[in-house]
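Here is how the chains run, residue by residue.
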Amino acid sequence: MGSSIESMALPILAVLGPSDASEEEKTVAERVGASAAEAGWVVLTGGGPGVMEAANRGAVEAGGLTVGILPTSGPVGGYPNAWVRVPVYTAAGSARNAFNVLSADLCVAIGGGPGTLSEIALALKSGTPVWCFKSWSLSPPPGTDRPLPRIFDDKEALIATLTEELSQRSND
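Rules of the game
Residues numbered from 1 in each chain as written. Predicted model: local features only at pLDDT ≥ 70, side-chain atom pairs only at ≥ 80, totals over all residues. Heavy atoms only, no water. Helix = DSSP H or I, 4+ residues; strand = E, 2+ residues; numbered from the N terminus. Rg over C-alpha atoms; globule rule 2.2 N^0.38 Å. Pairing = 2+ DSSP bridges. Axes fitted to C-alpha atoms, helices over the stretch in contact; angles between N-to-C directions. Contact = heavy atoms within 4.5 Å. Buried < 20%, exposed > 50% of the residue type's maximum accessible area, 1.4 Å probe, protein only. Right-handed = clockwise from strand over helix to strand, strands pointing away. Patch = residues over 30% accessible without salt bridge, like charges linked within 9 Å, V, L, I, M, F, W, Y side chains within 5 Å. Areas by Shrake-Rupley, 256 points an atom, 1.4 Å probe, with all protein chains shown as cover. Salt bridge = Lys/Arg side-chain N within 4 Å of Asp/Glu carboxyl O.

A. Here's a closer look at the overall build of the protein chain. Along the backbone of the protein chain there are six helices and seven strands. Across the protein chain, helices and strands are ordered from the amino to the carboxyl terminus as α-β-α-β-α-β-β-α-β-α-β-β-α. Compactness check: the protein chain gives a C-alpha radius of gyration of 15 Å against a globular reference of 16 Å for 172 residues, within 12% of the reference. Considered along the principal axes of its C-alpha atoms, the protein chain spans approximately 45 × 45 × 30 Å.

B. The arrangement of the environment of leucine 138 in detail. In this fold, leucine 138 is placed in the loop between strand E6 (130-133) and strand E7 (150-152). Along the sequence, leucine 138 and glutamate 38 sit 100 residues apart, while their C-alpha atoms lie 31 Å from each other.

C. Region of interest: the sheet that holds strand E2 (residues 42-45). Taken in spatial order, the seven strands line up as E4-E3-E2-E1-E5-E6-E7 in an open sheet, and their pairing is parallel. Each end of this open sheet is capped by a strand with a single partner; those strands are strand E4 (86-89) and E7. Across the sheet, the axes of successive neighbouring strands diverge by a mean angle of 20°, strand direction being ignored. Sheet analysis places E2 next to strand E3 (residues 66-70), joined by three bridges and oriented parallel. Bridge pairing in E3 links threonine 45 to glycine 68. Packing of helix H3 (residues 51-61) onto the sheet brings it into contact with strand E1 (12-16), E2, E3 and strand E5 (106-110), and relative to E2 it is tilted by some 165°. Along the sheet, helix H5 (residues 114-126) makes contact with E1, E5 and E6, crossing E6 at roughly 150°.

D. Region of interest: the pairing of E2. Here E2 shows two buried faces, one formed by Val42 and Leu44 and the other by Val43 and Thr45. Of the pairings in the sheet, the one linking E1 to E2 comprises three bridges and is parallel in character. Bridge pairing links alanine 14 to leucine 44 in E2. Of the crossover connections in this fold, the one passing from E1 over helix H2 (residues 23-38) to the parallel E2 is right-handed. At this point the chain moves from E2, through H3, to the parallel E3, and the crossover so formed is right-handed.

E. Representation of a nonpolar patch on the surface in the model. Together, Leu10, Leu65, Val86 and Val88 make up an exposed nonpolar region whose accessible area comes to about 290 Å². You can see leucine 10 is positioned in the loop between helix H1 (5-8) and E1.

Distances and angles like these do not, on their own, reveal function.
Right, dumping it as structure tokens:
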């Protein structure tokens, strides 16, 4: 056939953020999820409430596929949210953050607490690009040349740039 499994894989956008998200964070997450779905990307989240639920909702309402990497061994306490189409129960707690970013082609962090910070760090360590909207601000130690997250403070700029990036990567 000539095609590898890798060439058949769907591109994955991980949307990272807190369960106790603000209304602005949820609005941005929903738009990010919809943009990804419209470009043919799978939306992967931690599968819970807040930013995760909003991104999943945006993707499903735009006709996309969502995956929730869940910290639990079964449904509990808002995990998975109603918009997760493929729940992956890990029983791994916060360790599942590594699964989220290692499975992604691109990560978008929206707001966030310590869990989001850990995902950003794991993504940077693995070489997975990270874009941040009103999230953690990082600076490396002197003499370090590691790539840093791309920072967005304007939601319209984030959505426009993301839409272009996802479309371009889908066509590569």
